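Residue-level listing of the chains:
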Amino acid sequence: MAFNLKGRSLLTLKDFSKEEIEFILQISHEVKKERRSGKITQRFLGKTLAMIFEKRSTRTRSAFETAFAEEGGHPSFMSTDDIQLGAKETIEDTARVLGRMFDAIEFRGFKQETVEKLAEYSGVPVYNGLTDKFHPTQVLADLMTVQENFGSLKGLKFVYCGDGRNNMANSLMIGCSKMGMKFVIVAPKSLWPEESLVNECKSFAEVSGGNVLITDDIDEGVVGADVVYTDVWASMGEESKRAERIKLLTPYQVNDELMEKTGNRDVIFMHCLPAVRGEEVTASVIDGLHSRVWDEAENRKHTIKAIMIATLL
Ligand code: CP
Ligand code: NVA
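Now for a quick tour of the structure. (Residues numbered from 1 in each chain as written. Chains lettered and ligands numbered in written order. Predicted model: local features only at pLDDT ≥ 70, side-chain atom pairs only at ≥ 80, totals over all residues. Heavy atoms only, no water.)

### A short note on the overall build of the protein
Then, number 1: Helices and strands together make up the secondary structure of the protein, namely 12 helices and nine strands.
Then, number 2: For a compact globule of 313 residues, the expected C-alpha radius of gyration is about 20 Å, and the protein comes in at 19 Å, within 12% of that figure.
Then, number 3: With the C-alpha coordinates of the protein rotated into their principal frame, the extents come out at 55 × 45 × 35 Å.
Then, number 4: The buried share among the 313 residues of the protein stands at 57%.
Then, number 5: Within the protein, contacts between residues at least 6 apart in sequence are counted, and of these 75% link residues at least 24 apart.
Then, number 6: Summed over all atoms, the accessible surface of the protein reaches about 13,300 Å², with 49% contributed by carbon and sulfur. (Helix = DSSP H or I, 4+ residues; strand = E, 2+ residues; numbered from the N terminus. Rg over C-alpha atoms; globule rule 2.2 N^0.38 Å. Buried < 20%, exposed > 50% of the residue type's maximum accessible area, 1.4 Å probe, protein only. Contact = heavy atoms within 4.5 Å. Areas by Shrake-Rupley, 256 points an atom, 1.4 Å probe, with all protein chains shown as cover.)

Here it is in structure tokens:
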């Protein structure tokens, strides 16, 4: 089914219905096939995209830049070392100016509030390329990768293990609960997500037929998992917490023993990357047979292209 998403921003997946997410995923599979077949399309010809980065990026930057450029558009990369945003100029003023010159804006940075203000004041679609709180474009790629492996999403058990309160844990909880999956966070209590967000996701799950479980019990959490997912223990901006996190999270490392505890031979391993081998995941798992991390990374591009097609054309 087709939906009209023209003009919409992607700040968090909370704002999108299950059906709208399914529609974006459907476009993602189509553009992946097109790319594989070598078909050239110029859907963004004459369009411009501002890409603002306060934090580093390999995948997100590359995905936006290549997806936009290969469709004939002009992406413009701006690090906050170069532009006035937040330093010499308010976010509102930068947003107003960029909205006069660009067709869309991507933002990666610290505060969720910044990406929300950019959307409010620019008047053009704004895409959240990661904030401290959410990373919605990553979740689209993750859902696409799960669909490629299992054919569907509903009813699958998706287990996130590690820092249960970072941008990935929050966003996966939103995406999986919306799509009718059995979503579990396995983390020590001090790293559990905010209760208000958990309750919000439980209400999404009630509608979709999924469920949400937060536990510190590894055995209970991972048994029967179809997907085991992890992310770095110290996210960008939290580097000073690394030693403390290693202590706290070492029992939650995704290693061969934890993968065996799922009891599922067909379980897949996923990670948004970049990964720190030997911390949140062992090399044997991320480089092993169950790992789908390179498909997942490639799918960033197809899903990002899809969200731009859905909201710009
Ligand atoms: N997964 C992800 O967002 O990667 P980058 O930090 O390289 O963009
Ligand atoms: N939680 C990680 C995700 C990186 C894609 C971070 O914010 O650094």
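### Some words on the site of ligand 1
Then, number 1: Every residue close to ligand 1 is listed here: Ser57, Thr58, Arg59, Thr60, Arg108, His135, Gln138, Cys272, Leu273 and Arg300.
Then, number 2: Between ligand 1 and Arg59, the relevant distance is 2.8 Å, taken from an oxygen atom to a main-chain nitrogen or oxygen of the residue.
Then, number 3: Taking Cys272, its main chain carries an N or O atom lying 2.8 Å from a nitrogen atom of ligand 1.
Then, number 4: Split into classes, the residues belonging to the shell around ligand 1 amount to two nonpolar, five polar and three charged. (Near = heavy atom within 4 Å. Polar contact = N/O pair within 3.5 Å; in protein donor to acceptor, adjacent residues only side chain to side chain. Nonpolar A, V, L, I, M, F, W, Y, C, P; charged D, E, K, R; others polar.)

### Structural notes on the nonpolar core
Then, number 1: Core analysis: the largest hydrophobic core is formed by 60 residues, its most contacted members being Tyr127, Phe158, Met173, Met181 and Met308.
Then, number 2: Counting residues per element, this core draws most heavily on helix 12 (residues 293-312), which supplies seven residues.
Then, number 3: Met181 has contacts with Leu143, Val146, Leu153, Gly155, Leu156, Phe158, Cys176, Gly210 and Asn211, leaving out every residue within four places of it along the chain.
Then, number 4: Grouped together as the second largest cluster of nonpolar side chains are 22 residues, Leu191, Ala225, Leu273 and Ile286 included. (Core = buried A, V, L, I, M, F, W, Y, C linked by side-chain atoms within 4.5 Å.)

### Considerations on helix 6 (residues 167-178)
Since the α-helix packs 3.6 residues into each turn, any two residues three or four apart lie on the same face.
Then, number 1: The end-to-end C-alpha distance of helix 6, which contains 12 residues, comes to 17 Å, matching closely the 16 Å that a straight helix rising 1.5 Å per residue would cover.
Then, number 2: Buried residues dominate helix 6, accounting for 12 of its 12 residues.
Then, number 3: For helix 6, every residue scored as buried is listed here: Asn167, Met168, Ala169, Asn170, Ser171, Leu172, Met173, Ile174, Gly175, Cys176, Ser177 and Lys178.
Then, number 4: The N-cap residue of helix 6 is Asn166: its side-chain oxygen and the backbone nitrogen of Met168 are 3.0 Å apart.
Then, number 5: Just downstream of helix 6, Gly180 is the residue with a positive phi angle, here 80 degrees. (Expected span 1.5 Å × (residues − 1).)

### A closer look at the sheet that holds strand 1 (residues 48-53)
Then, number 1: Strand order in the open sheet formed by four strands is 2-1-3-4, with parallel pairing between adjacent strands. Only two strands of the sheet have a single neighbouring strand rather than two, namely strand 2 (74-79) and strand 4 (126-128). Strand-to-strand twist across the sheet, computed as the mean angle between neighbouring axes with direction ignored, equals 20 degrees.
Then, number 2: Across three bridges, strand 3 (residues 104-108) lies against strand 4 in parallel orientation. Bridge pairing in strand 4 places Phe107 opposite Asn128. (Pairing = 2+ DSSP bridges. Axes fitted to C-alpha atoms, helices over the stretch in contact; angles between N-to-C directions.)

### Remarks on the site of ligand 2
Then, number 1: By nearness alone, every residue bordering ligand 2 is listed as Leu130, His135, Asn166, Asn167, Asp231, Val232, Ser235, Met236 and Leu273.
Then, number 2: Measuring from a nitrogen atom of ligand 2, one finds a side-chain N or O atom of Asn167 at 2.8 Å.
Then, number 3: Met236 is positioned with one of its backbone polar atoms (N or O) 2.8 Å from an oxygen atom of ligand 2.
Then, number 4: Its free accessible area being 270 Å², ligand 2 has 95% of it covered by the protein chains.
Then, number 5: Partitioned by chemical class, the residues of the shell around ligand 2 number four nonpolar, four polar and one charged.

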